[in-house]
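Structural overview for review
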Amino acid sequence: MLTDLHVERLAWGGDGVARAADGRVVFVTGALPGQRVDVAVTEERRRMIRGTVRRLIADPFAAPAASPGVGQGADPLAARLAGPDVDSGVDSGADPGAAAPASLRWPDPGPPACATADRCGGCSFQGVAPQRALAALVDAGMDALRRVAPAVAWPAPTVRPSPSVHGYRERVRLRVARDGRTGYRAAASHEPVWIVDRCPVLHPSLEAARPLAGQLAAGLPRVHTFRLERDDVRDQVMLEIPCEDGDLDTIRELVAERLAGVAPGALQVVLRSRARAVPVCGDGRVYRDRGPVVTREASGQFAQAHGQLNRALRARVIEAATAPGVAPGAAPAAEPGIAPGIAPGIAPEIVPEIVPGGAAPQVPGLRVAELFCGAGNFTFALAAHPTVGSVTAFDVAGEAIAAAREAAAREAAARSETGAGSCDRGPDAASAASPARDGRAGSAGISFVEVDLAGDPDSASGAESIGPASGAGSDAGPDELPGAPSGELSAALLGADVVVTDPPRGGMAAGLVSALADGRRCAASRLVYVSCDPPALARDVARLADGGWRVVALEWWEMFPRTAHLEALAVLERPAASQASGRVV
């Protein structure tokens, strides 16, 4: 055991960082910046140690439970972000045992909302004041950016807190026991932690469906987990049970028998193996509100777990992508502007819609290339903006692309028949009306392309694309569509005014980053980058900076309250001189 360690900061991933007496770095699960702790060692290496909190000795930034008013005279998070470091309040020159000033002490969070908070790996910060957890995560995120990309000039960030830290999660994978209990993995372990009474972070509809889902999945052959996700259009819940191909028929019979004796209510059930997805109850589709349209997606496709904040994030992405400063088909201004509202400090409000901020409107015609589009989380809203002329959207996920194409085709068909999009947003609606602009249908400027984004854009082959001209009203799948010409991704980047990218956790492939950085291969002067992993973001931005890109705005979004994760939104711009230089990296 290591005794009386001072936790200096939070590492990205949620562990506290301290120093052992011999100088080695100690990563402490469950520790917060500023605390003094005794540590039970779980792993020891030549240059680092891992452990968990054995005993909390002191916490100078916590308000006494008997004094709930402490810390309310000023916003501790705002005070810290206003300082020279975006940190969690730890002054490296202060006495670790001394109490912090009242204005920098966090309010008493009260008891944890979860009975298993001390051991469950689903959350990292139950029982911690939400502002304190967010401040520590912002500090950890900024530290990760600076460590990976020290040469990049990172601007002071805007922080977008979640409106609630409970009841937000609309997608979850849970463990299931043979008796129907459900839960998560333990922290830093594969051992299960079964939920007692309820899980406070789950959306109420998922929490209501969880007990029945556990009973349906309990004891099935080689089934140890299941997924729940919310259909936010029909207010239903999808239960996806993973299974082996050889077990599918047996499991389907067992689940059907169990369903015969219960009322599933708003619960759908689908079985998914490597080869097939078989609905047992319901149509096997998750309807999602993608802004101007509704998509009908297969279960298991990527979607943000925080639906409410995702809608606000979508609005900010569109606002940043279309802000004044980029002329369609022309080189960017020497000092391009950024949309109002991107400013250092705290931005707790949730942006309900796209707000132009009073800026002069641009001439319609922006050409947008969207990378890692999924089923169109940003795509349809981008195409509906009056300044956008076309969106070419790319992803490798065939099921997501198929769902997006189908939604675009149905929207185009509805417009060709009625002159406006479908206004019915009920369960049978394919889409909703989006404002017509200059006689162009809401999806007429969209092309969805299935392509492997891990390769070199100049060698993209086997891609398939469909636009309303060839696919309106068609329910054809990807295998029935005409192949796109080789290099469609390369052509889209070369002709783009704006690029929007939302890659998976590992970031973008080196070849793709190289193409974006080279002004001869990518004409865009603005890049909007959404990332769930700061180290990957920093790595990509460092490479982009070599091609003349600079970060002009940075935002942290609390998409995963109570966990050790944040979503980052970075806006990059490239001056005309760098764009024309055509440097290759």
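Structure first, text after, so check above.
In this text the structure is predicted, and so the values were computed from the model without any measurement.

**Here we look at the packing of aromatic side chains**
- On inspection of all chains with the given rule, the structure shows 1 aromatic pair.
- Seen from their ring centres, phenylalanine 380 and phenylalanine 448 are 5.5 Å apart, and the 50° between their planes marks the pair as tilted. Here the residue phenylalanine 380 occupies a position in helix α6 (residues 379–384), and phenylalanine 448 occupies one in strand β20 (residues 446–450), the gap between them amounting to 68 residues.
- The buried category is assigned to phenylalanine 380, whose relative accessible area is 3%.
- What makes phenylalanine 448 buried here is its relative accessible area of 1%.

**A word on the sheet that holds strand β14 (residues 277–281)**
- Spatial strand order, β10-β9-β8-β11-β12-β13-β14: 7 strands in an open sheet with mixed pairing. In this open sheet, the two edge strands, each paired with only one partner strand, are β10 (192–194) and β14. Neighbour to neighbour, the strand axes of the sheet diverge by 35° on average, direction disregarded.
- The pairing of strand β12 (residues 236–242) with strand β13 (residues 267–272) spans 6 bridges and is parallel. Residue proline 242 lies in a different strand from β13, and its bridge partner there is arginine 272.
- Relative to strand β11 (residues 225–231), helix α3 (residues 204–217) is tilted by about 145°, and along the sheet it contacts β8 (171–176), β9 (182–185), β11, β12 and β13.
- Of the strands in this sheet, β12, β13 and β14 touch helix α4 (residues 248–260), which is tilted by about 15° from β14.

**Structural notes on the environment of alanine 542**
- Tracing the chain through its elements places alanine 542 in helix α11 (residues 534–545).
- Between the C-alpha atoms of alanine 542 and alanine 153, which are 389 residues apart in sequence, the distance is 9.9 Å.
- Discounting residues that sit within four places of it in the chain, alanine 542 has contacts with Ala149 and Val152.

**Section: the pairing of strand β16 (residues 294–298)**
- In terms of burial, β16 is largely enclosed, as 4 of its 5 residues are buried.
- In the sheet, strand β15 (residues 285–289) pairs with β16 via 5 bridges, with the strands oriented antiparallel. Bridge assignment links valine 286 to a residue of β16, and that residue is glutamate 297.
- Counting the residues between successive antiparallel strands, the hairpin from β15 to β16 contains 4 residues, one of them, glycine 291, with a positive phi of roughly 90°.

**Details of the sheet that holds strand β3 (residues 16–19)**
- One open sheet holds the 6 strands; their spatial order is β1-β5-β6-β4-β3-β2, and the pairing between them is mixed. Edge positions in the sheet fall to β1 (2–6) and β2 (9–10), since each has one partner strand and no second.
- With 5 bridges connecting them, strand β4 (residues 25–29) and strand β6 (residues 48–58) associate as parallel partners. Bridged to valine 28 within β6 is glycine 51.

**Examining the pattern of salt bridges**
- Summed over all chains, the structure comprises 36 salt bridges.
- A salt bridge links arginine 132 to aspartate 59; the nearest nitrogen and oxygen atoms lie 2.8 Å apart. Taken together, the residues span a long stretch of sequence, with arginine 132 in helix α2 (residues 130–148) and aspartate 59 in the loop between β6 and α1 (76–81) at a distance of 73 residues. The burial state of arginine 132 is the same as that of aspartate 59; both residues are buried.
- Ionic pairing is found between glutamate 319 and arginine 316, a salt bridge with its closest N-O pair at 2.3 Å. Pair noted here: glutamate 319 and arginine 316 are both in helix α5 (residues 307–322), with a separation of 3 residues, about one helical turn.
- When its relative accessible area of 11% is taken as the criterion, glutamate 319 is described as buried.
- Here the salt bridges share partners, and the residues they tie into one network are Arg171, Glu229, Arg288, Arg290 and Glu297.

The rules we used
Along every chain, residues carry numbers that run from 1 in the direction the sequence is written. Confidence filtering applies because this is a predicted model: local features only for residues at pLDDT of at least 70, side-chain atom pairs given and counted only at 80 or more, and all residues used for totals across whole chains, interfaces and linings. No hydrogens and no water enter the side-chain calculation; it runs on all heavy atoms of the structure. Two rings belonging to Phe, Tyr or Trp (six-membered ring only in the last case) form a pair when the distance between their centres is within 6.5 Å. Interplanar angles under 30 degrees mark stacking, angles over 60 mark edge-to-face geometry, and anything in between is tilted. Here a strand is any run of E in DSSP of at least two residues, a helix any run of H or I of at least four, and the numbering for each starts at the N terminus. Burial classification: accessible surface area is computed with a 1.4 Å probe over protein chains only, and a residue below 20% of its type maximum counts as buried, one above 50% as exposed, and the rest as partly exposed. Whether two strands pair depends on DSSP finding at least two bridges between them. Axis lines are fitted to C-alpha atoms, over the contacting stretch for helices. Their N-to-C directions set the angle, which ranges from 0 to 180 degrees. Working rule for contacts: check all heavy atoms of both residues, and any pair within 4.5 Å makes them a contact. Only one rule defines a salt bridge in this text: a Lys or Arg side-chain nitrogen within 4 Å of an Asp or Glu carboxyl oxygen.

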